[in-house]
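Summary of structural features
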Amino acid sequence: MPTPTPQPADRTVPELDADTVHAVGKLSEALEWVERARGHLYAFHQMSGHADLMLGPALEELENAGHGEIAERVRRDLFGRNVLDGRWTFQIVEEYDDGYYRTFVESERMVRDALADGRRHVYEARMKASERERAGRSAFGSGA
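I will try to describe carefully the structure that is included in this document. Since the structure is predicted, the reported quantities are computational estimates derived from the model, not experimental observations.

Basis of the calculations
Residue numbers run consecutively from 1 along every chain, following the written order of its sequence. In keeping with the model being predicted, local features are shown solely for residues with a pLDDT of at least 70 and side-chain atom pairs are shown and tallied solely at 80 or more, while totals for entire chains, interfaces and linings include all residues. Side-chain descriptors were evaluated using all non-hydrogen atoms of the structure, hydrogens and water having been removed beforehand. Per the convention used, a helix needs a DSSP run of H or I reaching at least four residues, while a strand needs a run of E reaching at least two, with both numbered from the N terminus. Two things to know: the radius of gyration comes from C-alpha atoms, and the globule rule equals 2.2 Å times the number of residues to the power 0.38. Buried, partly exposed and exposed residues are distinguished by accessible area as a fraction of the type maximum, computed with a 1.4 Å probe on protein chains only: under 20%, between the cut-offs, and over 50%, respectively. Surface accessibility in these figures is a Shrake-Rupley result with a 1.4 Å probe; residues are shielded only by whichever protein chains are displayed. Counting rule for charge: Lys and Arg are taken as positive, Asp and Glu as negative, and neither His nor the chain ends is counted. Charge placement uses NZ in Lys and CZ in Arg. For Asp and Glu, CG and CD serve respectively. Axes here refer to lines fitted to C-alpha atoms; in helices the fit is confined to the stretch in contact. Angles between the N-to-C directions go from 0 to 180 degrees. Should an angle lie under 35 degrees it is considered roughly parallel, over 145 roughly antiparallel, and from 65 to 115 roughly perpendicular; all remaining angles are considered oblique. Whether a crossing is left-handed or right-handed is set by the direction in which the near helix is turned from the far one by less than a right angle, anticlockwise for left-handed and clockwise for right-handed. Here, residues are in contact when the closest pair of their heavy atoms is within 4.5 Å. Throughout, the ten residues Ala, Val, Leu, Ile, Met, Phe, Trp, Tyr, Cys and Pro are labelled nonpolar, Asp, Glu, Lys and Arg are labelled charged, and all others, Gly among them, are labelled polar. By nonpolar core we mean a set of buried residues, namely Ala, Val, Leu, Ile, Met, Phe, Trp, Tyr and Cys, connected to one another through side-chain atoms within 4.5 Å. Each Phe, Tyr or Trp ring, with Trp reduced to its six-membered ring, pairs with another whose centre is within 6.5 Å; inter-plane angles below 30 degrees give stacked pairs, above 60 give edge-to-face pairs, and intermediate values give tilted ones. Multiply 1.5 Å by the residue count of a helix minus one, and that product is the helix's expected span. We define a salt bridge as a side-chain nitrogen of Lys or Arg found within 4 Å of a carboxyl oxygen belonging to Asp or Glu.

**Notes on the overall build of the protein**
Along its length, the protein carries four helices and zero strands. Mapped from its N terminus to its C terminus, the protein presents α and β elements in the order α-α-α-α. In terms of C-alpha radius of gyration, the protein reaches 26 Å, well past the compact-globule figure of 15 Å for 144 residues. For the protein, buried positions account for 22% of its 144 residues. Carbon and sulfur atoms provide 56% of the accessible area of the protein, an area that totals close to 10,600 Å². Each charge class in the protein can be summarised by its mean position, and for the 19 positive and 26 negative side chains these summaries are 6 Å apart.

Right, dumping it as structure tokens:
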């Protein structure tokens, strides 16, 4: 006999008013955008580093092709250059992580802890439960 699928818990925090749920949800959505920005920042860091690693062999090929003066000029002007004056890309990532990102994450968690008993995605849970009920399904039951 198959083991029954456990029923999902009610994650809608029914005792919480709709305005608070909406406000906390907006803050969480803002954090999701910060997470996306952070991912792009890491991609920027990695792509810039990769380009810098590709530059060395390109300069060698220019030299081997008889374009030593041009290769030397590019090497002098660009090779090993910081993308922002005085900082490498990993330092930019670290500053973002240690300052803005960490503060945003801690603030969002503090608001959830204070207002939604630490629950995440209450707004989405309410939206999903409502959609399921409108479709004639149990708000929290199994099934597609």
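The rest of the description comes next.
**Quick word on the packing of helix α1 (residues 18-64) against helix α2 (residues 68-77)**
Look at α1 against α2: their axes get within 7 Å of each other, and the N-to-C directions meet at 155 degrees. Looking at the two axes, α1 sits roughly antiparallel to α2. Considering only the axes of α1 and α2, their crossing is left-handed. Along its contact with α1, which presents Leu55, Leu59, Glu60, Leu62 and Glu63, the element α2 presents Gly68, Ala71, Val74 and Arg75. Classifying every residue of the contact of α1 with α2 by side-chain character gives five nonpolar, one polar and three charged.

**Examining unusual backbone geometry**
Excluding glycine, residues mostly have negative phi values, and the peptide bonds linking residues are mostly trans. Non-glycine residue Val13 carries a positive phi angle of around 45 degrees. With respect to the helices, strands and loops of the structure, Val13 is situated in the segment before α1. Its identity as a non-glycine residue notwithstanding, His121 has a phi of 60 degrees, on the positive side. Within the element layout of this structure, His121 appears in the loop between α3 (89-115) and α4 (122-134).

**Here's the deal with the nonpolar core**
Formed by Leu31, Val34, Leu41, Ile92, Val93, Tyr96, Tyr101 and Phe104, the largest nonpolar core amounts to eight residues. Looking at this core, the elements that each hand over two or more residues are α1 and α3. By residue number, the principal contributor to this core is α3, which donates five residues. Aside from chain neighbours lying at most four places away, what touches Val34 is Tyr96, Tyr100, Tyr101 and Phe104.

**Some thoughts on the packing of aromatic side chains**
Within this structure, the stated rule accounts for three aromatic pairs. Note on Tyr96 and Tyr100: the rings are 5.8 Å apart at their centroids and 45 degrees apart in plane angle, and the pair reads as tilted. Of this pair, Tyr96 and Tyr100 both sit in helix α3, four residues apart, which is roughly one turn of the helix. Taking 5.7 Å as the distance between ring centres and 70 degrees as the angle between the ring planes, the aromatic pair formed by Tyr100 and Phe104 counts as edge-to-face. Taken together, the residues Tyr100 and Phe104, both in helix α3 and four residues apart, mark about one turn of the helix. The class for Tyr100 is partly exposed, based on a relative accessible area of 48%. One aromatic cluster is present, formed by Tyr96, Tyr100 and Phe104 through successive ring pairs.

**Observations concerning α1**
Taking 1.5 Å as the rise per residue, α1 with 47 residues should run 69 Å; its terminal C-alpha atoms sit 69 Å apart, in good agreement. For α1, the full list of buried residues reads Thr20, Val21, Val24, Gly25, Ser28, Leu31, Val34, Leu41, Leu55, Gly56 and Leu59. Summarising the contacts, the buried residues of α1 are in contact with α2, α3 and α4.

**Examining the pattern of salt bridges**
Per the stated rule, a full pass over the model turns up nine salt bridges. Residue Lys26 is joined to Glu29 by a salt bridge in which the shortest nitrogen-to-oxygen separation is 3.5 Å. Of this pair, Lys26 and Glu29 are both found in helix α1, three residues apart, which corresponds to roughly one turn of the helix. Looking at Lys26, the relative accessible area reads 47%, which means it is partly exposed.

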